[in-house]
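Chains, contacts and geometry: an overview
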Amino acid sequence: MSLFTTDGFYHVFRWLHLFFGIIWIGHLYYFNFTQGVFFAKTDGNTKSAAIRQLLPEALWWFRWGAMWTFVTGLSMLGMKGHLVGMEIFASGWGVWILLGTAMATLMWFNVWFVIWPAQQVVIASAEGVAGGKPADPAAADAGARALRASRHNVLFSIPMLFFMGAASHLPVQMDVDAPLGLLTGVLGVVLAGIEFNALKGKLGPLTTVKGVIASGFALVAILIALVEVIL
Ligand code: HEM
């Protein structure tokens, strides 16, 4: 067992990364696959109690899981670059890990700068109503904003996990003179388009749980096809 070596140290980060990643994505799937369905069919009082008492707890684990997944992931990227050299990012490992990282970073941004601020408005409004005040008129919009970003995070998560896991176990085969600039540009436009939709667009097929899962699998196929065609 070579725990007290550079590889062992790196593996401790990989292990923590998976631990925090499970906390984050586990809560993401709980919100989208379980809680949303429950909220749609339960009565107003139960929903209000859940928003005030359960949601804040779940959101704490969710956003800090996201933060520490991000921190441990970036630490591994830094260690890899330092130990192996920056050319590792232009390898079959690098293409997949950077694609996975780009999606996970957009997801992290959505958690901290879209979902969490919007959910604070929703929770404060439910607290107010429970205390006899009128509902905050901004709460409905905030809820819709959080739902849209959250559904897009589920969409991103499916290819993100595929590529994150593929990096070490199924790296891309590519030539030394592969057009990585073109690949970065094309994938950048695709991901920016999805993120724009997460912030300002429509839910479309992401409205339902089945729809978002099917769209996630379709996105894996589209991204693999783009990478194969370009490289
Ligand atoms: C937030 C930004 C993220 C960054 C910067 C990042 C970075 C990395 C890096 C550098 C590795 C390579 C480890 C290795 O050398 O094998 C990795 C692996 C991995 N990451 Fe992430 N990651 C992020 C988010 C996530 C999330 C949200 C998950 C969800 C659970 C996740 C799951 C994984 C998995 C399953 C592996 C594969 C481990 C293996 O091959 O043994 N990552 N990540």
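Bear in mind that the values here come from a model prediction, so they are computed numbers and not experimental data. (Residues numbered from 1 in each chain as written. Predicted model: local features only at pLDDT ≥ 70, side-chain atom pairs only at ≥ 80, totals over all residues. Heavy atoms only, no water.)

One pass over the structure, following the stated rule, counts 15 aromatic pairs. Taking the centre distance of 5.2 Å and the plane angle of 85° together, the rings of F31 and F62 count as edge-to-face. Taken as a pair, F31 in helix 1 (residues 6-41) and F62 in helix 2 (residues 44-84) lie far apart in primary sequence, 31 residues in all. Comparing F31 with F62, the two get one shared label, buried. The structure contains a cluster of three or more aromatic residues connected by ring pairs, namely F70, W108, F109 and F113. (Phe/Tyr/Trp six-rings, centres within 6.5 Å; stacked < 30°, edge-to-face > 60°. Helix = DSSP H or I, 4+ residues; strand = E, 2+ residues; numbered from the N terminus. Buried < 20%, exposed > 50% of the residue type's maximum accessible area, 1.4 Å probe, protein only.)

Another aspect to go through is the nonpolar core. With 61 residues, the main nonpolar core has W24, F62, W93, W96 and M103 as its most contacted residues. Listing elements by their share of this core, those giving two or more residues are helix 1, helix 2, helix 3 (92-130), helix 4 (139-169), helix 5 (180-200) and helix 6 (209-230). Ranked by residues supplied to this core, first place goes to helix 3 with 18 residues. (Core = buried A, V, L, I, M, F, W, Y, C linked by side-chain atoms within 4.5 Å.)

Moving on, we get to helix 2. The terminal C-alpha atoms of helix 2 lie 56 Å apart, and with 41 residues this matches the ideal 60 Å at 1.5 Å per residue to within 8%. Its maximal kink placed at L54, helix 2 deviates by approximately 40°, while the proline P56 follows within four residues. Positioned one or two residues after helix 2, G85 has a phi angle of 110°, which is positive. (Expected span 1.5 Å × (residues − 1). Bend = angle between axes of the 7 residues up to and from the residue.)

Viewed as axis vectors pointing N to C, helix 2 and helix 3 meet at an angle of 155°, and their least axial separation amounts to 9 Å. Classified by the angle between their axes, helix 2 and helix 3 sit roughly antiparallel to one another. The way helix 2 lies across helix 3 gives a crossing that is left-handed. Taken together, the residues that form the contact of helix 2 with helix 3 break down as 21 nonpolar, four polar and four charged. (Axes fitted to C-alpha atoms, helices over the stretch in contact; angles between N-to-C directions. Parallel < 35°, antiparallel > 145°, perpendicular 65-115°, else oblique. Left-handed = near helix turned anticlockwise from the far one by under 90°. Nonpolar A, V, L, I, M, F, W, Y, C, P; charged D, E, K, R; others polar.)

Glancing now at the site of the ligand. Inspection of the region around the ligand gives 23 residues, with Y10, H17, M164, S168 and H169 positioned closest. A distance of 2.7 Å separates a nitrogen atom of the ligand from a polar atom in the side chain of H17. Taking S168, its side chain carries an N or O atom lying 3.0 Å from an oxygen atom of the ligand. Elements that contribute at least two residues to the shell around the ligand include exactly helix 1, helix 2, helix 3 and helix 4. (Near = heavy atom within 4 Å. Polar contact = N/O pair within 3.5 Å; in protein donor to acceptor, adjacent residues only side chain to side chain.)

So, on to the coordination of the iron atom of the ligand. Of the protein atoms, only H17 (NE2) and M164 (SD) coordinate the iron atom of the ligand, at distances of 2.0 to 2.3 Å. Given a relative accessible area of 13%, H17 falls into the buried group. Residue classification places M164 among the partly exposed residues on the basis of a relative accessible area of 22%. (Donors = N, O, S within 2.8 Å, 3.2 Å for Na, K, Ca; no water.)

Attention shifts here to helix 3. The terminal C-alpha atoms of helix 3 lie 54 Å apart, and with 39 residues this matches the ideal 57 Å at 1.5 Å per residue to within 8%. Where helix 3 starts, the residue carrying a side-chain oxygen 3.2 Å from the main-chain nitrogen of W93 turns out to be S91. Count one or two residues on from helix 3 and you reach G132, which has phi positive near 95°.

Let's shift gears to the packing of helix 4 against helix 5. It is at 7 Å that the axes of helix 4 and helix 5 come closest, and there the two elements cross at 155°. Our classification of the angle between helix 4 and helix 5 gives roughly antiparallel. Note on packing geometry: the crossing formed by helix 4 with helix 5 is right-handed. Contacts between helix 4 and helix 5 pair R148, A149, H152, L155 and F156 from the former with L191, I194, E195, N197, A198, L199 and K200 from the latter. Counted by class, the contact of helix 4 with helix 5 contains seven nonpolar, two polar and three charged residues. (Contact = heavy atoms within 4.5 Å.)

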